[in-house]
Amino acid sequence: MVFSAHADFIIVGSGPGGATVARGLARAGKRVLLLERGKDWRRSPLYGTYPGALLYADRSALLFTREGLNLIRPLMAGGATSMYCGCSARPPAWLKEKYRLDLDRFIDDTIDELRIAPLPPELRGSASTRVAESAHALGYDWTPLPKFMSPARTARFDCGAKCMLGCRCGAKWNAAEWVDEAASTGNCQFITDARVEEAIVENRNVRGVRARVKNRTLEF
């Protein structure tokens, strides 16, 4: 058994939840250990390709629920944000009422920071354009979805259904960017190929985790 240095916080998973918490804690000066089961594929020539997706999607994208629903679960830096459509929506009003949790300020900050907005009409695909035109012709109030995608983020905007395999042009936000920001503070250590197998519990409190890291069992 190999023991690592201690951290103030251990975060399992570098998807949108883990990356957000890691960045916030690292900016606040806390020592953070961020463990990710997959690799960071962003600089691989296979990123954003069908062969690549077979490698970084859990069970080669053949993961199913007991009911038969196919789940695409990326195991990689950025988690689900590496293989998503980039669609956005504000939380429904009942969420605030039921849980008494007002997230409006944070939502507005996120929209501003990530430039979340509908794509300009000239950059939308031909299929969605036809849907919009048909809806308007039928009298429906069709409005485009806001996107975690901004042409201003890149000089080589290249959108299409293939971006669900991983965005190669950089227009779509990926939570791994916030992992990079957390690491840049010097307060966050990011470890890939770390499969957390169990929580270490003492007196009903979780004080750490055991993980397999590159064929070694480590205790954090």
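See the structure shown above.
All figures in this text were calculated on a predicted structure; none of them were measured in a lab.

About the criteria used
Residues numbered from 1 in each chain as written. Predicted model: local features only at pLDDT ≥ 70, side-chain atom pairs only at ≥ 80, totals over all residues. Heavy atoms only, no water. Phe/Tyr/Trp six-rings, centres within 6.5 Å; stacked < 30°, edge-to-face > 60°. Helix = DSSP H or I, 4+ residues; strand = E, 2+ residues; numbered from the N terminus. Buried < 20%, exposed > 50% of the residue type's maximum accessible area, 1.4 Å probe, protein only. Lys NZ or Arg CZ within 6 Å of the ring centre and 35° of its normal. Patch = residues over 30% accessible without salt bridge, like charges linked within 9 Å, V, L, I, M, F, W, Y side chains within 5 Å. Areas by Shrake-Rupley, 256 points an atom, 1.4 Å probe, with all protein chains shown as cover. Salt bridge = Lys/Arg side-chain N within 4 Å of Asp/Glu carboxyl O. Expected span 1.5 Å × (residues − 1).

**Brief notes about the packing of aromatic side chains**
Each aromatic ring pair is described using two quantities: the centre-to-centre distance and the angle formed by the ring planes.
Part 1 of the argument: Under the criterion given, the structure shown has five aromatic pairs.
Part 2 of the argument: Plain terms: the ring middles of Tyr-84 and Phe-148 are 6.1 Å apart, the flat faces sit at 50° to each other, and that makes the pair tilted. In this pair, Tyr-84 sits in the loop between β5 (70–71) and α3 (93–99) while Phe-148 sits in the loop between α5 (126–137) and α6 (176–184), placing the two residues 64 residues apart along the sequence.
Part 3 of the argument: Taking relative accessible area as the criterion, Tyr-84 reaches 16% and is therefore assigned buried.
Part 4 of the argument: What makes Phe-148 buried here is its relative accessible area of 18%.
Part 5 of the argument: Between Trp-173 and Trp-178, the aromatic rings sit 5.0 Å apart at their centres with planes inclined by 65°, giving edge-to-face as the arrangement.
Part 6 of the argument: Since its relative accessible area comes to 5%, Trp-173 is described here as buried.
Part 7 of the argument: Grouping aromatic residues by their ring pairs yields a cluster made of Tyr-84, Phe-148, Trp-173 and Trp-178.
Part 8 of the argument: We note Arg-23 situated over the ring of Trp-178; from NZ or CZ to the ring centre the distance is 3.6 Å.

**As for a nonpolar patch on the surface**
Part 1 of the argument: Residues Trp-94, Tyr-99, Leu-101, Leu-103 and Phe-106 make up a contiguous nonpolar surface patch of about 530 Å² in total accessible area.
Part 2 of the argument: Positionally, Tyr-99 belongs in helix α3.

**Regarding the pattern of salt bridges**
Part 1 of the argument: In total, this model carries 19 salt bridges according to the counting rule given.
Part 2 of the argument: The salt bridge partner of Glu-181 is Arg-27, with a shortest N-O separation of 3.0 Å. Of this pair, Glu-181 sits in helix α6 while Arg-27 sits in helix α1 (residues 16–27), and the two are 154 residues apart along the sequence.
Part 3 of the argument: Linked through salt bridges whose partners overlap, the residues forming this network are Arg-90, Lys-96, Asp-102, Asp-104 and Asp-108.

**Regarding α5**
Three- or four-residue spacings in an α-helix give side chains the same orientation, since the helix completes a turn every 3.6 residues.
Part 1 of the argument: The terminal C-alpha atoms of α5, which comprises 12 residues, lie 16 Å apart, in line with the 16 Å expected from a rise of 1.5 Å per residue.
Part 2 of the argument: A positive backbone phi angle near 90° is found at Gly-139, which sits one or two residues after α5.

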